[in-house]
Structure formats: structure tokens, C-alpha cells
Amino acid sequence: MNERFQVIEGGLSEAVKNEEWKAFTLADGSFIGGRFLSLEEAWITDTRLMGVFVMGLAFRRAGNPDGPVLREYFYFDAAYFGFDRFEFLIGGDEEEWKDMENSFVGGLGGGKQPVSRKEAAWILARYLRKTKNFGLEPPADHPEYYRFLEEEAMPLTAAEKEVLWKKACKPAASDYERANYYLIRLCDRDLDGIYYVSGNRKLYEEDTLEDAPHVLESLGPEFPKMTMFQSDLEFEFDGSVTARFIAGTDDERFWLFVAMVRLGENHRISESRILSSMKISAREAMMNTIHPEYILVLRYDLDPDAFERHSTALTERAMILAQDTGVLFMMYYEDNSHVDQKHYRIYDDLLGAYFMTAEGQLIAAANSLSARERLEQDLGQSWEAEHLTPVFQSKFDRPVLSTFVQSGYTDFLEFLMDQESDQ
């Protein structure tokens with residue numbers, strides 16, 4: 001897994017070697033291998049057009065229909081990492097495996113689509129190849145628990161690939177959504193994602209697209225892989241779309257683009273062209289993407305560690321990140337409808353966040369008043385409500401929670417006072 005952040009797993013970090021474990025091992029303690037496994041369940045999330053998706057598999061030992069279940073979860077990143085993360089759990093109760101599953105899917109905002117064993121093996125082999133092409137190594141812990149599936153991989157026909165892609169990509173609701181997805185994939189230089197949105201048949205006819213050197217005509221080689229942070233779309237009289245968007249890299253290089261995108265038959269992208277581009281500073285990019293933040297601060301009268309995944313309805317599906325001064329819970333909307341907007345903002349998929357400090361202060365933050373009210377309702381209806389006391393609330397003209405989390409402070413009000421005194 002990449003080192004961008006530490007994830008607190010919802011379930012076990014490594015399957016406990018108990019009696020259930022023995023059902024999947026040979027006499028010498030080694031893994032039994034794929035030929036002894038019966039696939040009970042297989043699915044992927046329909047979030048491929050966001051660049052990432054999850055695959056979940058459940059196996060039992062063949063001939064033992066009432067035996068323990070081996071559950072495996074895979075996190076795939078099409079543009080940067082390939083096969084990025086892998087966890088598995090043998091046996092355990094529903095709470096344990098749901099915790100593990102939520103730690104994978106909580107931030108994706110998508111639904112599940114069933115896949116076959118053949119499709120699952122093809123996906124894994126393809127993303128292992130992507131990882132290699134990116135010059136990276138696949139997840140190192142217990143590779144025998146997924147390498148058997150790679151060995152089963154067989155080529156898919158063009159028709160089979162088309163079926164699989166339709167499972168991986170939720171149909172776009174509007175031309176706004178199609179145009180935004182195209183621009184997001186374009187900035188990521190995700191060739192097969194671009195092919196899918198544009199309806200290019202090469203996607204289904206070739207099996208090694210990521211291996212082929214290419215230059216995307218509509219975004220020349222002078223631009224690196226980027227993340228699109230926002231876009232503003234206008235439909236023109238000729239049916240084309242004029243897109244103004246800001247994109248940037250991890251090392252803080254930013255550009256403001258104006259592009260033409262044309263939708264053709266079946267609402268697929270038939271043509272695109274960069275009309276102009278201008279390099280902008282990190283400050284200019286920030287000023288263009290800045291947004292208000294609504295904050296509520298509460299005092300928590302239990303041990304801070306008691307606030308965890310099962311504390312509220314929203315934290316059940318949260319992405320939970322360990323920080324130096326506390327634990328951050330990031331709650332996302334259950335779909336990616338923020339892409340289906342004339343004015344797309346990358347942060348609009350986030351419903352809100354809780355940050356529990358090591359000193360027992362809970363900060364709830366959201367990008368809108370209605371979203372913060374939903375967080376208040378979530379806390380108020382939880383079993384934690386009697387242990388929470390509101391002490392402060394305010395609207396800020398820019399995000400402050402992320403600055404607080406990185407500041408080293410554990411008291412938000414003290415942090416605010418020191419910030420004001422420094423200005």
C-alpha cells in the first residue's frame with residue numbers, strides 16, 4: 001500500500017491462526033491453493049471512472065459448504081498504483097468482516113456489481129501488470145492468497161470485456177457527468193478510461209493498452225499526470241461543451257485549462273481539444289478552489305479511544321485515518337453524483353468529517369450548513385449523544401480542519417486563538 005496515509009483497519013490486520021485458519025492450510029502449514037477453493041461471492045464497485053475501485057471475494061474450501069469463509073479485498077488504482085492494497089480475513093463474525101470491507105469501500109461512493117471467477121482473475125492479472133508498469137511492487141503480505149487467482153487468468157473476448165466494463169462503470173446520468181468523467185480520466189492519462197468514455201472499440205479489442213506508449217492528442221506530452229480539482233461547463237449552440245478546469249500535480253504544479261469537448265453518437269465523447277492553458281501558482285489554485293467550512297466542536301466525556309467505527313451510523317462506512325494528535329473519520333456520500341454537475345468540485349463527494357483529538361475533543365466539519373446539520377443529527381441519534389456536549393460552532397470562509405489536524409494542537413479553540421494572534 002502507498003505511504004500517503006496510515007489506515008486504521010476496520011477488521012483484523014492479519015487473519016488469526018486458529019482452527020478456522022487450518023481449513024485453508026495443508027499439513028505443512030502452507031496455503032491450500034486455488035484448486036481447493038470454491039468461490040461463494042465476488043463483486044466489484046462500479047467506481048472505475050473515478051480511477052479506483054474495490055473487488056471483494058469470498059471462498060470456502062471445496063466440499064465443505066458449511067466451513068469457514070475466506071474473505072479477500074482488493075483496492076485497485078488505475079492511474080498511479082495499479083494493485084494498491086490487499087487484506088484478507090478467515091472466519092470471524094459479521095462485524096469483523098464488515099469492518100474490513102468498510103475500510104476499503106467507505107470512501108468510494110459506489111454500488112457493488114457481481115463478477116465471475118474468470119472476470120475476477122482477469123482484473124487481478126491486469127492490475128498486477130499495471131503495478132509492474134508503474135515501477136512498483138504489489139502488496140507483499142501473504143501474496144499466496146491472491147497469486148493463485150492470477151495464475152487462473154485467461155483472456156477475455158471483446159464481448160466479455162464490454163460486459164465487465166459496464167459492471168465497473170455506473171452509467172452516466174447526464175452529459176455534464178460524461179464530460180466531467182472524460183476530463184478526470186484525461187488529466188490522469190488513463191487511456192482505457194478515456195477509451196471507455198469516448199466509446200473507442202480499442203478498449204475491447206486490445207488486451208495490453210497500458211503497455212503501449214501513447215500520446216493523448218487532446219492533452220499533449222508537455223503536461224504530466226494531474227488531478228482535476230474543479231471544472232465549469234458551458235454547452236454551446238453547436239452542441240459542444242466548453243470546459244474551464246483547474247488541474248495540478250502532487251508537487252504543486254497547477255494549470256488553468258480551457259477545453260472543447262464534443263459529445264457524439266450515444267452521448268460518447270467524440271472529440272476534445274485544449275483551447276488554452278496557463279500555469280498558475282499554488283496560491284491562485286487555492287483561491288479558485290477555496291470553499292467555506294462549517295465547524296462544530298464538542299467535548300467528549302469518555303476515553304477518546306471509545307469513539308470508533310461503530311459509534312454512529314455515518315462512521316460505520318467512514319475512512320478512518322490515524323493522525324499524530326487524534327483520529328480522523330471521513331464520511332463520503334453514497335454515490336458520486338457530485339460529478340453530475342455543471343460546476344464540479346473534487347471535495348463535494350465528502351459529506352463531512354469528525355476528528356477526535358487525543359484530549360477528548362470532537363470536531364465535526366462539513367462544506368455546507370445542511371451537511372453539518374446532518375452530522376449533528378448523526379451524533380444526536382447515536383449512543384454517544386449523552387457523552388457529547390457542544391462548546392463552539394462557526395462558519396469559516398476556508399477549510400480549517402485540515403490545518404488543525406496537521407498543526408499539532410489538541411484543542412481547537414486554543415488553535416484558533418493562536419491563529420488570530422499570529423495575524
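Right above here is the structure, for reference.
About the cut-offs
- Residues numbered from 1 in each chain as written.
- Predicted model: local features only at pLDDT ≥ 70, side-chain atom pairs only at ≥ 80, totals over all residues.
- Heavy atoms only, no water.
- Pairing = 2+ DSSP bridges.
- Helix = DSSP H or I, 4+ residues; strand = E, 2+ residues; numbered from the N terminus.
- Axes fitted to C-alpha atoms, helices over the stretch in contact; angles between N-to-C directions.
- Contact = heavy atoms within 4.5 Å.
- Disulfide = S-S within 2.5 Å.
- Buried < 20%, exposed > 50% of the residue type's maximum accessible area, 1.4 Å probe, protein only.
- 1 Å grid on protein atoms, 1.4 Å probe; cavity = no way out; pocket = protein on both sides within 12 Å on 5 of 7 lines; lining within 4 Å.
- Points joined across faces, edges and corners; volume = space filled by probe spheres on them.
- Nonpolar A, V, L, I, M, F, W, Y, C, P; charged D, E, K, R; others polar.

**So, the sheet that holds strand β15 (residues 361-366)**
Taken in spatial order, the six strands make up an open sheet running β11-β12-β14-β15-β10-β16, and their pairing is antiparallel. Bordering the open sheet on either side are β11 (319-323) and β16 (388-396), each of which pairs with just one other strand. Each strand axis lies, on average, 20 degrees off the axis of its neighbour in the sheet, ignoring direction. Judged from the seven bridges that link them, strand β12 (residues 326-332) and strand β14 (residues 350-357) form a sheet pairing that is antiparallel. Paired with L328 across the bridge in β14 is F355. Contacts from helix α10 (residues 369-380) reach β10 (293-300), β12, β14, β15 and β16 within the one sheet, and its direction differs from that of β14 by about 50 degrees.

**With respect to the sheet that holds strand β4 (residues 82-90)**
Read from one edge to the other, the open sheet built from five strands follows the order β4-β3-β2-β1-β5, with strand pairing classed as antiparallel. Two strands in the sheet have a free side with no partner beyond their single neighbour: β4 and β5 (112-114). Strand after strand, the sheet turns through a mean of 25 degrees between neighbouring axes, direction not considered. The sheet contact formed by strand β2 (residues 52-61) and strand β3 (residues 70-77) spans eight bridges and is antiparallel. Note on β3: the bridge partner recorded for A58 is R71. On the sheet, helix α2 (residues 94-105) packs against β1 (37-45), β2, β3, β4 and β5 and is oriented at approximately 170 degrees with respect to β4. In this fold helix α5 (residues 158-168) packs onto β1 and β5, with an angle of close to 60 degrees to the strand it touches most, β1.

**Overview of the state of the cysteines**
Per the stated rule, a full pass over the model turns up zero disulfides. No disulfide involves C169; its sulfur sits 17 Å from that of C187, the nearest cysteine. Overall, the relative accessible area of 2% leaves C169 in the buried class.

**Here we look at unusual backbone geometry**
Although it is not a glycine, H142 sits at a positive phi angle of roughly 50 degrees. Looking at the secondary structure, you find H142 in the loop between α3 (117-133) and α4 (144-151). The residue R189 is not glycine, and still its phi comes out positive at about 55 degrees. One can find R189 in the loop between α6 (175-187) and α7 (191-198).

**What to know about empty space enclosed by the protein**
Scanning the model with the defined rule gives two cavities of 30 Å³ or more in all. Taken together, I44, R48, F53, W122, I123, R126, Y127, L164, W165 and A168 form the lining of the largest cavity. Contributing elements (two or more residues each) for the lining of the largest cavity: α3 and α5. With four residues, the top contributor of residues to the lining of the largest cavity is α3. Considering only residue class, the lining of the largest cavity consists of eight nonpolar, no polar and two charged. What the second largest cavity holds in volume is close to 40 Å³. If you trace the second largest cavity, you find it lined by E41, W43, G56, L57, A58, R71, Y73 and E101. Residue assignment for the lining of the second largest cavity shows that the elements contributing at least two residues are β1, β2 and β3. A per-element tally of the lining of the second largest cavity places β2 first, with three residues.

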